[in-house]
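Chain and residue survey
Take a look at the letters that make up each chain.
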Amino acid sequence: MYAERVLSGMRPTGSLHLGHYHGVLKNWVKLQHEHPCLFFVADWHALTTSYDQPEIIEKAAWDMVIDWLAAGVDPNQATIFIQSRVPEHAELHLLMSMMTPLGWLERVPTYKDQIEKLSHKDLTTYGFLGYPLLMSADILVYRANRVPVGEDQIPHLEFSREIARRFNHLYGREPGFEEKALAAVKKLGGKAGKRFNELRTRFQQDGDGAAVEEGKRLVNEAQSLSLADRERLLGHLEGTGKMILVEPDALLTEASRMPGLDGQKMSKSYGNTITLREDEASVTQKVKRMPTDPSRVRRTDAGNPDKCPVWQLHQVYSGAETKEWVRQGCTSAGIGCLECKQPVIDGILQEQAPMRERAQIYLDNPALVRDIVNDGCAKARKLAQETMTDVRAAMGLNYA
Ligand code: TRP
Ligand code: SF4
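First things first, this report covers the structure right here in the doc. Quick caveat, the model's predicted, so the values are computed rather than measured.

**Things to note about the overall build of the protein**
The helix and strand tally for the protein stands at 18 helices and 5 strands. The C-alpha atoms of the protein give a radius of gyration of 27 Å, which is well past the 21 Å a tight globule of 400 residues would have. By its C-alpha atoms, the protein is 95 × 45 × 40 Å across when sized along the principal axes. The buried share of the protein, taken over its 400 residues, is 45%. Sequence-distant contacts, at least 24 apart, represent 77% of the contacts inside the protein between residues at least 6 apart. Computed over 50 positive and 53 negative side-chain charges, the inter-centroid distance for the protein is 3 Å.

This is the structure we're talking about:
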């Protein structure tokens, strides 16, 4: 078994906002203390839909990394890197494309949805169709088994699992390997079987080279073993009879719906966002201009918080006491809307203060960010290369 490994990626599309913070980044920050984590800038993914705007990628990528660091992703705990700097993602994507049925890609539910939704763009491209396979390569190349994603990405993760299964079926360990190997040990006979197990343990636990050599001799000299059983025993001895790719599990982020300035979900496409590091004056302005309960026209009209987007932000930023004050004051016309908004403004500014502070360090010294990413790319690449060695061998490409 492999250790738990967390991997997630984000497309560089522009400044991150508080919706990203509450929906994704807070969770990353928590996970980095619990597991080895890999977080990457999915720049190739940005090109699957924005292939006609290559000029936005570079700035968006660096800004996004600064946003992550600002939010508290710690480069000493997590590996931060850029997808295009680890070409092994592309190699695995290519190799897996050989065995990916077209129908599987065409049936991914987001495929037709997105083509319709983004109808102003020609997305009838090879790259866009293959996007779930690229995402699979991102995950499988690290044998990551925990992938924090939102609801919308679940079909892609399911696709990744199916691809891993198909790959292992075609090139990897046979189904039921473990049982068959144990049965083959029995066929060695009591005494030789016992010796085999001792040697296997000595090799796998202590890396004892003499033990593995003796084990191989024992297997090769054994009488009346089928060729398949012999191979199983050799694989079992060295521990190579393993799955090549690991089926990942989704790590569903608990649905935290961050309301935007208009009460809809916060999203760039609705134009209702506050960015992670938005300056104080702008935050204040935006909240002050937020619509409130439409039936509260005059200050003297009583309002209903349930019909007010500001109330939703109080759910995120205010404690029980403040919420009680709002409910009471709103329904009795005891407080004005501007007054009611002040605790929300304070809450957002307070949340952003440490982020702004952390970001400033990196804005003042961009070389720090480059170093973090260079370091992360090198670490990621090493892990990816380990997997690719096995993948190449499995697909008949390990000749020099
Ligand atoms: N597809 C994801 C998105 O659009 C980003 C992504 C790419 C990703 N590769 C990934 C997320 C691998 C998790 C794991 O949001
Ligand atoms: Fe909304 Fe607060 Fe105004 Fe009530 S008092 S309508 S909750 S902003």
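**Things to note about the packing of aromatic side chains**
Across all of its chains, the model carries 6 aromatic pairs by this definition. Geometry around tryptophan 62 places arginine 370 over its ring, the cationic atom sitting 4.0 Å from the centre.

**As for the packing of helix H3 (residues 57-71) against helix H17 (residues 337-364)**
The angle between the axes and the distance between the axes are what describe a pair of packed helices. Packing of H3 against H17 leaves a shortest axis separation of 8 Å and a crossing angle of 135°. Our classification of the angle between H3 and H17 gives oblique. Seen along the crossing, H3 lies across H17 with a hand that is right-handed. For the pair formed by H3 and H17, the contact residues are Ile66, Leu69, Ala70 and Ala71 on the first element and Met355, Arg358, Ala359, Tyr362 and Leu363 on the second. Across the contact of H3 with H17, the residue classes tally to 8 nonpolar, no polar and 1 charged.

**What about the site of ligand 2?**
Taken together, Thr292, Asp293, Arg296, Cys308, Val310, Val326, Cys330, Cys337 and Cys340 make up the full set of residues adjacent to ligand 2. Broken down by secondary-structure element, the contributors of at least two residues to the shell around ligand 2 are helix H16 (320-331) and H17.

**Regarding the nonpolar core**
Soluble globular proteins tend to bury their nonpolar side chains together. Leu25, Trp68, Phe81, Met96, Tyr142 and Val391 are the most contacted members of the largest nonpolar core, which has 91 residues in total. Composition of this core by domain shows at least three residues from each of domain 1 (6-172 + 246-257 + 366-394) and domain 3 (277-363). Among all residues touching valine 391, those that are not within four sequence positions of it are Leu92, Leu95, Phe167, Ile244 and Leu245. Counting 13 residues, the second-largest nonpolar core is a separate cluster that includes Ala184, Val212, Ala222 and Leu233.

**Regarding the packing of helix H15 (residues 309-317) against H17**
Running from amino to carboxyl end, H15 crosses H17 at an angle of 45°, the nearest separation of the two axes being 10 Å. Judged by the angle between their axes, H15 and H17 are oblique. Pair H15 / H17 crosses with left-handed handedness. On H17, the residues touching Val310, Leu313, His314 and Tyr317 of H15 are Cys340, Lys341, Pro343, Val344, Gly347, Ile348 and Glu351.

**Thoughts on the site of ligand 1**
Arg11, Tyr131, Met135, Asp138 and Gln153 are the nearest of the 13 residues found near ligand 1. In the complex, the protein chains occlude 89% of the 370 Å² of accessible area that ligand 1 would expose alone. For the shell around ligand 1, the element with the most residues is helix H8 (residues 131-140), which contributes 4 residues. For the shell around ligand 1, a count of residues per class yields 7 nonpolar, 4 polar and 2 charged.

**Some details on the pattern of salt bridges**
Scanning the entire structure with this criterion turns up 22 salt bridges. Residue arginine 161 is joined to aspartate 249 by a salt bridge in which the shortest nitrogen-to-oxygen separation is 2.8 Å. Of the two residues, arginine 161 sits in helix H9 (residues 154-171) while aspartate 249 sits in strand S5 (residues 249-252), which places them 88 residues apart along the sequence. A salt bridge links lysine 187 to aspartate 229; the shortest N-O distance between them is 2.6 Å. One end of the pair, lysine 187, is in helix H10 (residues 177-187); the other, aspartate 229, is in helix H13 (residues 227-238), with 42 residues separating them in the sequence. Judged by its relative accessible area of 5%, aspartate 229 falls in the buried class. Salt bridges here are not isolated pairs; linked through shared partners, they connect Glu4, Arg146, Glu158, Arg161, Arg165, Glu247 and Asp249.

Conventions and cut-offs
- Every chain's residues receive numbers from 1 upward, in the order its sequence appears when written.
- Chains carry letters from A onward and ligands carry numbers from 1 onward, assigned in written order.
- Owing to the predicted nature of the model, reporting of local features is limited to residues with pLDDT of at least 70; listing and counting of side-chain atom pairs is limited to 80 or more, with chain, interface and lining totals taken over all residues.
- Side-chain calculation: all heavy atoms of the structure are included, whereas hydrogens and water are not.
- Counting from the N terminus, the helices are the DSSP runs of H or I reaching at least four residues and the strands are the DSSP runs of E reaching at least two.
- Here the radius of gyration uses the C-alpha set of atoms, whereas the globule reference equals 2.2 Å times the residue count to the power 0.38.
- Exposure is judged per residue with a 1.4 Å probe applied to protein chains only, and the accessible area is read against the type maximum: over 50% gives exposed, under 20% gives buried, and values in between give partly exposed.
- Residue contacts are defined here by distance: any two heavy atoms, one from each residue, within 4.5 Å place the two residues in contact.
- In this tally, Asp and Glu contribute negative charge and Lys and Arg positive charge; neither His nor the terminal groups of the chain are included.
- Charged side chains are reduced to one point each, which is NZ for Lys, CZ for Arg, CG for Asp and CD for Glu.
- Think of it this way: a Phe, Tyr or Trp ring, Trp meaning its six-membered ring, pairs with another when their centres are within 6.5 Å, and the plane angle makes it stacked under 30 degrees, edge-to-face over 60, tilted otherwise.
- The criterion is that NZ of a Lys, or CZ of an Arg, lies within 6 Å of the ring centre and within 35 degrees of the ring normal, and then a charge sits over that ring.
- Here an axis means a line fitted to C-alpha atoms, over the contact stretch when the element is a helix, while the angle between two N-to-C directions is reported on a 0 to 180 degree scale.
- Roughly parallel means an angle under 35 degrees; roughly antiparallel means over 145; roughly perpendicular covers 65 to 115; every other angle is labelled oblique.
- For a crossing to be left-handed, the near helix must be turned anticlockwise from the far one by less than a right angle; the clockwise case is right-handed.
- Asp, Glu, Lys and Arg are counted as charged, while Ala, Val, Leu, Ile, Met, Phe, Trp, Tyr, Cys and Pro are counted as nonpolar; the rest, among them Gly, fall into the polar class.
- Neighbouring residues are identified by heavy atoms, a residue being near a molecule or strand if any of them is within 4 Å of it.
- To form a nonpolar core, buried Ala, Val, Leu, Ile, Met, Phe, Trp, Tyr and Cys residues must be joined to one another through side-chain atoms within 4.5 Å.
- Marked domain ranges trace back to an automatic or database domain assignment.
- A 1.4 Å probe and the Shrake-Rupley method give the accessible areas. Residues count as covered only by the protein chains that appear here.
- Think of a salt bridge as a Lys or Arg side-chain nitrogen and an Asp or Glu carboxyl oxygen that are within 4 Å of each other.

Worth remembering: the numbers are spatial, not functional.
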